Amino acid sequence: MRKRRQNSQLFGSLTKKQKKHLKEFGEEHPFHDVVGARPEKTEILELPPSPEQSDVEHGELEDEEAEVETETAYQKLISTLNQPGINDSQGESTDDDDDDEDEEEELLDKGGEDSADEAVVEAVDGEPKGAGDEFVDKEHETQFCLETNFTEEEEQADADCPAEKDCKDMFLQHFDTELGEEDLQKITSGTKAKAQITWPKLGTLLCASPLERFGGIGQHKNTNLPVFHKVLETSMKDLNQTVDPKGPVGESTPLQLELLALMGSYKDLYCSDICPVVQAPQVCSAYCLHILNHVLKANSQVLAHNALLRDHKTQAGPGAEPQDEPRDQGLTRPKVLILVPFRGGALRVVQNLISLLETKSKKIMVSNKKRFKEEFGEEADVKPHHVQQPDDYSAIFSGNVDDHFKIGVSIVRGSIRLYAPFYSSDIIIASPLGLRTVLGADGEFNRDFDFLSSIDLLVVDQADVLLMQNWEHVLHVMKHMNLQPLDSHGVDFSRVRMWNLNNWAKHYRQTLVFSSIQDPQINSILTKHCANYRGQIATKNMPKTGSICQVLVQLPHVFQMFSADSFIDHDARFQFFVDKVLPQYRDSVMSHTLIYIPSYFDYIRLRNYMKKEEINFSSICEYSSRSEVSRARHFLQKGDKQFLLFTERFHFYKRHTIKGLRHLIFYGLPSFPHFYNEVCNMLAAGGRVEEASWTCTSLYSRYDAHKLAAITGAQRAGQMLHSNKTVHLFVTGGEDKAL
């Protein structure tokens, strides 16, 4: 109690500014340090004649006076820093005083047995984690800090050896290249030299290079794998083990080898035909290996330079010239950003990172692993679906499907730290929605996007799934990539690369996009938000046979073409549907009609129009409740409602089979080609009683070339787009597939 009373007296004697500074920093400001008053001038007494003694005392007096003057100069210097203003102290409200009193009581309660300073430190350590904040690991900050770590002797010896492989290392070549003003003009002009080449597994590759000296890629047999960090040399051989840990150990697949060769060139890459069932796990392990190789090389370079600077300081004399510090860092530490749609995808990425760093003889340290599995693992109360779902649905929605998350990962010397603060992380794994809450919008006060200023490697995995969430969040993240930070965040500017200081980081960033479909919105990421000086590579594989061949029912397919001015010309599509298509289905004979709508905005527009025209219809969208879905399905099956508006996102997330269908209208071609045959095969769910009266009508424009080719096949799509006719008929389920 006595010590508590002393602490209370200590806080009572402090001003409000002092209390605030004490709470934030755990100590008082140096300005308020108690400095002894200036001592009076020492009186010199006459002593017995002794020359040696008098000389010594005279020197001591001069030293003492010098010390007093030094203290006075220091005191004057400190007094110029952050002096509390009179207006600030008088302008505070009484509410703030009450808050300070509450904070003072909290600090005193925490420090009942310790000193007041220790109590404040405890309060500061616990303050950032509020009731609604996510967990952030701050215990291992020193261990994973790049500024205070150095390479070990073995690593330093390897770094000092001028190995021949450094000449072929694309990591060093890419980031050590200095661009000029003429190069930037060529990049920003948009003119690119294009070339096309075919690889065994990836198929047709389209290469675009803005600078001639960084041309396209060669044949697969002439392309070498990148130089891997020595920690990953053994993991490269067992890369396939990360896909199925329980399966047999095997070498990397040909698809993984081709991806590693392309990613190692540090060109942007867009793979648009990744099968989510078979190829997606292989792709994930491949880009995780590339990410680890990039992070380990970058961190090893910084740690090696830290050791060199430390040795130079210890060996250099007092008068030696200072050594030029190497420029090996960005404006902030985060180097890699991985966008995945669900927590389950983040879990697989982290598991791949751990598996690639671990070996049979050595286990690595992973901080906060248990907490990560609890938050990102599959929820225990999730019940399996009783209805058998398609393979792609099971592959996409396996695991935790929460789409609001973000986590920082730091890697130093083969150890992984999960839940690292963003500005202490090497890798940030997040969903677009999770990042959007941090980035904020214009005008918001608590927004932050500085941690994206020095991203060297961006991975957009499962872009087709992100397209089914909210694509605006993805575009919002892309707009905030590689912007100049608003704060320094403690960076050593003498070690920042010059192209980072010149705001040229976007020209050095590599972007990897993986998707199962080709879509103009996904393609716009590379065309509008990527400016890599080394160019881009995109897969361009046109399907020979479309998904229409998977339709099992005998059905006439009518494709009607309308003219549009652009891909986003929704008015032309709406007007064509209202004037040409809908009148044909207004007759009561054409009941049990499902209208498939890919865009939610088009769905809202059609729903409002049908309400205004008093058309008998029901609707289902991704926001409909279970009761609304059951009611709408019942009305359509019984014929109480003539039309059913059906959104693509609802089918993506639910995959319900709608019974009682007789007529189909595709307001727009499906984004996923297999959705076309899945919806068409729903006609057989209600029986084949009225099979002869089934119809299917699809609308398309010349901007739907990729979707049309995926449904009808590349050759037929080309004929339909260049034909003078605007109506084309296909018949499935009979002997003749097309008429």
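The following paragraphs examine the structure supplied in this document. (Residues numbered from 1 in each chain as written. Predicted model: local features only at pLDDT ≥ 70, side-chain atom pairs only at ≥ 80, totals over all residues. Heavy atoms only, no water.)

**Some remarks on the overall build of the chain**
Keep this limit in mind: In this description a helix means any DSSP run of H or I spanning at least four residues, a strand means any run of E spanning at least two, and both kinds are numbered starting from the N terminus. Partly exposed residues are those whose accessible area sits between 20% and 50% of the maximum for their type, while under 20% is buried and over 50% is exposed, using a 1.4 Å probe and protein chains only. We call two residues in contact whenever any of their non-hydrogen atoms come within 4.5 Å of each other.
Summing up its helical and strand segments, the chain has 28 helices and 18 strands in all. A total of 739 residues make up the chain; the buried ones form 46% of that total. Of the contacts made within the chain by residues no fewer than 6 positions apart, 77% connect residues no fewer than 24 positions apart.

**Focus: empty space enclosed by the protein**
To keep it simple, the criterion reads: Only protein atoms enter the 1 Å grid used here, on which a cavity is any set of points holding a 1.4 Å probe that cannot leave and a pocket is any open set flanked by protein within 12 Å on both sides along at least five of seven lines; residues with an atom within 4 Å of a point are listed as lining. Grid points are joined across faces, edges and corners, and a volume is the space filled by probe spheres set on the points.
Counted under the stated rule, the structure contains five cavities of 30 Å³ or more. In this model, the largest cavity occupies a volume close to 90 Å³. What lines the largest cavity is simply Ile 274, Pro 276, Ala 280, Val 283, Ile 396, Asp 461, Gln 462, Asp 464, Val 465, Phe 514, Ser 515 and Ser 516. When residues of the lining of the largest cavity are traced back to their parent elements, those giving at least two are α13 (279-315) and α18 (463-467).

**Structural notes on the pairing of strand β11 (residues 536-539)**
Every other side chain in a regular strand lies on the same face of the sheet, so the side chains alternate between the two faces. How we decide: We treat two strands as partners when DSSP finds at least two bridges between them.
Taking every second residue as pointing to the same face, both faces of β11 are buried, with Gln 536 and Ala 538 on one and Ile 537 and Thr 539 on the other. Both strand β2 (residues 203-209) and β11 contribute to a ladder of four bridges, which runs antiparallel. Its bridge partner being in β11, Cys 207 is matched across the sheet by Ile 537. Here three bridges tie strand β3 (residues 268-271) to β11, and the two strands are oriented parallel to one another.

**Considering helix α14 (residues 343-357)**
Short version of the rule: For a helix, the expected span equals 1.5 Å multiplied by the number of residues minus one.
For α14, which comprises 15 residues, the first-to-last C-alpha distance of 21 Å matches the rise-based estimate of 21 Å (1.5 Å per residue) to within 8%. Counting buried residues in α14 gives 12 out of 15 residues, a clear majority hidden from the surface.

**Concerning the sheet that holds strand β14 (residues 617-620)**
Working definition: the strands of a sheet are paired by backbone hydrogen bonds and lie parallel or antiparallel to each other. Inclusion rule: Only the contacting stretch of a helix is used when fitting its axis, a line to C-alpha atoms as for every element, and angles between N-to-C directions run 0 to 180 degrees.
In spatial order, the strands read β14-β15-β13-β16-β17-β12-β18; together these seven strands make up an open sheet with mixed pairing. Across the chains shown, the open sheet's two edge strands, defined by having one partner strand only, are β14 and β18 (727-732). Between one strand axis and the next, the sheet turns by 20° as a mean value, whatever way the strands run. Across four bridges, the pairing between strand β13 (residues 593-597) and strand β16 (residues 663-666) is parallel. Within the sheet, the bridge partner assigned to Thr 593 lies in β16 and is His 663. Where helix α26 (residues 673-680) meets the sheet, its contacts fall on β12 (555-561), β13, β16 and β17 (695-700), and the angle it forms with β16 comes to roughly 160°.

**Quick notes on the packing of aromatic side chains**
The test is simple: Pairs were defined over the aromatic rings of Phe, Tyr and Trp, the Trp ring being its six-membered one, requiring ring centres within 6.5 Å. Orientation was assigned from the angle between planes: stacked under 30 degrees, edge-to-face over 60, tilted for the rest. Charge-over-ring contacts are defined here by two conditions on Lys NZ or Arg CZ: a distance within 6 Å of the ring centre and an angle within 35 degrees of the ring normal.
Counted according to the given criterion, the structure contains 30 aromatic pairs. Their ring planes at 55° and their centres at 5.3 Å tell us that Phe 171 and Phe 175 sit as a pair that is tilted. Taken together, the residues span about one helical turn, with Phe 171 and Phe 175 both in helix α9 (residues 170-176) at a distance of four residues. In this structure, Phe 171 and Phe 175 share a single accessibility class: buried. When the centroid spacing of 5.2 Å and the interplanar angle of 50° are considered together, the rings of Tyr 596 and Phe 666 count as tilted. In this pair, Tyr 596 is assigned in strand β13 and Phe 666 in strand β16, connecting sequence segments 70 residues apart. It is Arg 343 that lies over the ring of Phe 376; its NZ or CZ is 4.6 Å from the centre.

**Here's the deal with the nonpolar core**
This is how the line gets drawn: Buried Ala, Val, Leu, Ile, Met, Phe, Trp, Tyr and Cys residues form a nonpolar core when they are joined through side-chain atoms within 4.5 Å.
Counting residues in each nonpolar core, the largest one holds 74 residues, and the members touching the most others are Leu 337, Phe 559, Leu 594, Leu 664 and Tyr 676. Leave out the neighbours within four places in its chain, and Tyr 676 touches Ser 547, Ile 548, Val 551, His 557, Phe 559, Phe 666, Pro 670, Cys 696, Ser 698 and Ile 711. In this structure, Cys 288, Leu 292, Leu 357 and Leu 418 belong to the second largest nonpolar core, which totals 57 residues.

**Brief notes about the sheet that holds strand β10 (residues 510-514)**
As summarised here, the arrangement of the 11 strands in space is β1-β2-β11-β3-β10-β9-β4-β8-β6-β7-β5, forming an open sheet in which the pairing is mixed. In this open sheet, the two edge strands, each paired with only one partner strand, are β1 (193-199) and β5 (366-367). As defined by bridge partners, strand β6 (residues 406-412) adjoins strand β7 (residues 415-418) across four bridges and the pair is classed as antiparallel. By the bridge assignment for β7, Val 412 is matched with Ser 415. Together, β1, β2, β3, β10 and β11 form the strand contacts of helix α12 (residues 254-263), whose direction differs from that of β10 by roughly 150°.

**Topic: the packing of α13 against α14**
Note the threshold: Note on angle classes: values under 35 degrees are labelled roughly parallel, values over 145 roughly antiparallel, values of 65 to 115 roughly perpendicular, and the remainder oblique. In this scheme the handedness of a crossing depends on how the near helix is turned from the far one: anticlockwise by less than a right angle means left-handed, clockwise means right-handed. Any residue that is not Ala, Val, Leu, Ile, Met, Phe, Trp, Tyr, Cys, Pro, Asp, Glu, Lys or Arg is counted as polar, Gly included; the first ten are nonpolar and the last four charged.
Here α13 crosses α14 at 60°, and the two axes come no closer than 9 Å. Between α13 and α14, the crossing angle belongs to the class labelled oblique. In terms of crossing hand, the pair formed by α13 and α14 is right-handed. Packed against α13, whose contacting residues are Cys 284, Ser 285, Tyr 287, Cys 288, Leu 289, Leu 292 and Leu 296, the element α14 presents Val 349, Asn 352, Leu 353, Leu 356 and Leu 357 at the interface. Here the contact of α13 with α14 is built from residues that sort into 10 nonpolar, two polar and no charged.

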